[in-house]
Amino acid sequence: LLGAADLDGDGRHELVWRDGRTGAVGAWVMAGFGLSRPVGYGAVPLNWAVRGLGKVDATAAEGLLWRNATTGQVAFWKLTTNGQVTPTLLGTADLAWQVQANAYLDGPNGPPEILWANTTSGQLGVWRVDGATVRPAVLGIPSPGWTVQPTPQLR
């Protein structure tokens, strides 16, 4: 289980899955506490890992934030409950930069952002995403002893 996200905008969350052997991605469309129907989205090579679940850009769509562990490339998949995927390549980040969260640093009325931490320099950065346009910014370096707790590793 990767987590839960509202993939069809009905205010209820679907459960999103990935098979760790094949890379297949799917969701369970829920009806209360029961499974209404499963949805399949295809497979993704295993060197791509999910690093976030939810909104990443200013649209209402929710989906998966992917990162290629070999190249550093980042992508977002907007998902629907009819099995449609709208992939968007967002760019490449040096492998020293690790995704910490997709969050609303400007509050609920601002666009969602991707929060990054540099494992070498200690810097924190943010990507503001608008469609396929990414506006990166470095936020600074926390005081010694302070750390951002990363989003739990998703498998």
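Up top is the structure these notes are about.
In this text the structure is predicted, and so the values were computed from the model without any measurement. The numbers attached to residues start from 1 for each chain and follow its sequence in the written order. Residue-level local features of this predicted model are given only where pLDDT is at least 70; pairs of side-chain atoms are given and counted only at 80 or more, and the full residue set underlies all totals for whole chains, interfaces and linings. Each side-chain value is derived from all of the structure's non-hydrogen atoms; neither hydrogens nor water enter the calculation.

Draft legend 1. Molecular detail of the overall build of the chain. Of regular secondary structure, the chain possesses zero helices and twelve strands. Helices (α) and strands (β) of the chain occur, in sequence order from the N terminus, as β-β-β-β-β-β-β-β-β-β-β-β. Relative to its length of 155 residues, the chain is compact, with a C-alpha radius of gyration of 16 Å against a globular reference of 15 Å. Accessibility here uses a 1.4 Å probe with only protein chains present; expressed as a share of the type maximum, an area under 20% marks a residue as buried, one over 50% as exposed, and anything in between as partly exposed. For the chain, the residues scored as buried account for 41% of the 155 residues in total. Within the chain, counting contacts between residues at least 6 apart in sequence, those at least 24 apart form 33% of the total. Each accessible area is a Shrake-Rupley result for a 1.4 Å probe, and residues are judged covered by the shown protein chains and nothing else. Working note: accessible area of the chain is about 8300 Å², and carbon and sulfur atoms make up 56% of it. In summary, the charge assignment counts Lys and Arg as positive and Asp and Glu as negative, without counting His or the chain termini. We put the charge of a Lys on NZ, of an Arg on CZ, of an Asp on CG and of a Glu on CD. One way to put it: in the chain the 11 positive side-chain charges average out to a point 6 Å from where the 11 negative ones average out. Helix and strand assignments follow DSSP, with helices taken as H or I runs no shorter than four residues and strands as E runs no shorter than two, numbered in order from the N terminus. C-alpha atoms define the radius of gyration, and 2.2 Å times the number of residues to the power 0.38 defines the globule rule. Here a residue-residue contact requires only that any non-hydrogen atoms of the pair lie within 4.5 Å.

Draft legend 2. The sheet that holds strand E7 (residues 73–79), seen in detail. Criterion used throughout: strands pair if DSSP finds at least two bridges between them. Pairing within the open sheet is antiparallel, and its four strands lie in the order E5-E6-E7-E8. With partners counted over all chains shown, the strands left at the sheet margins are strand E5 (48–54) and strand E8 (85–92), one partner each. Taking each pair of neighbouring strands and ignoring which way they run, the sheet shows an average axis angle of 25°. Here five bridges tie strand E6 (residues 63–68) to E7, and the two strands are oriented antiparallel to one another. The residue bridging Gly63 from the neighbouring strand is Lys78, located in E7. Fitted lines through C-alpha atoms give the axes, limited to the stretch in contact for helices. The angle between two N-to-C directions lies from 0 to 180 degrees.

Draft legend 3. The arrangement of the sheet that holds strand E3 (residues 24–31) in detail. The strand order E1-E2-E3-E4 describes an open sheet built from four strands, whose pairing is antiparallel. If you trace the sheet from one side to the other, it starts and ends with strand E1 (3–5) and strand E4 (34–43), each paired once. Going across the sheet, the axis of each strand differs from the next one's by a mean of 30°, ignoring polarity. The sheet contact formed by E1 and strand E2 (residues 14–18) spans three bridges and is antiparallel. When the bridges of E2 are listed, Ala4 appears paired with Leu15.

Draft legend 4. Examining the pairing of E2 more closely. Where burial is concerned, the two faces of E2 differ: the one with Glu14, Val16 and Arg18 is buried and the one with Leu15 and Trp17 is not. Sheet topology places E2 next to E3; four bridges connect them, and they run antiparallel. Counterpart to Trp17 in the pairing with E3 is Gly26. Where E2 folds back onto E3 in an antiparallel hairpin, the turn is made up of five residues, including Gly23, whose phi is positive at roughly 85°.

Don't take any of this as a statement about function, it's just geometry.
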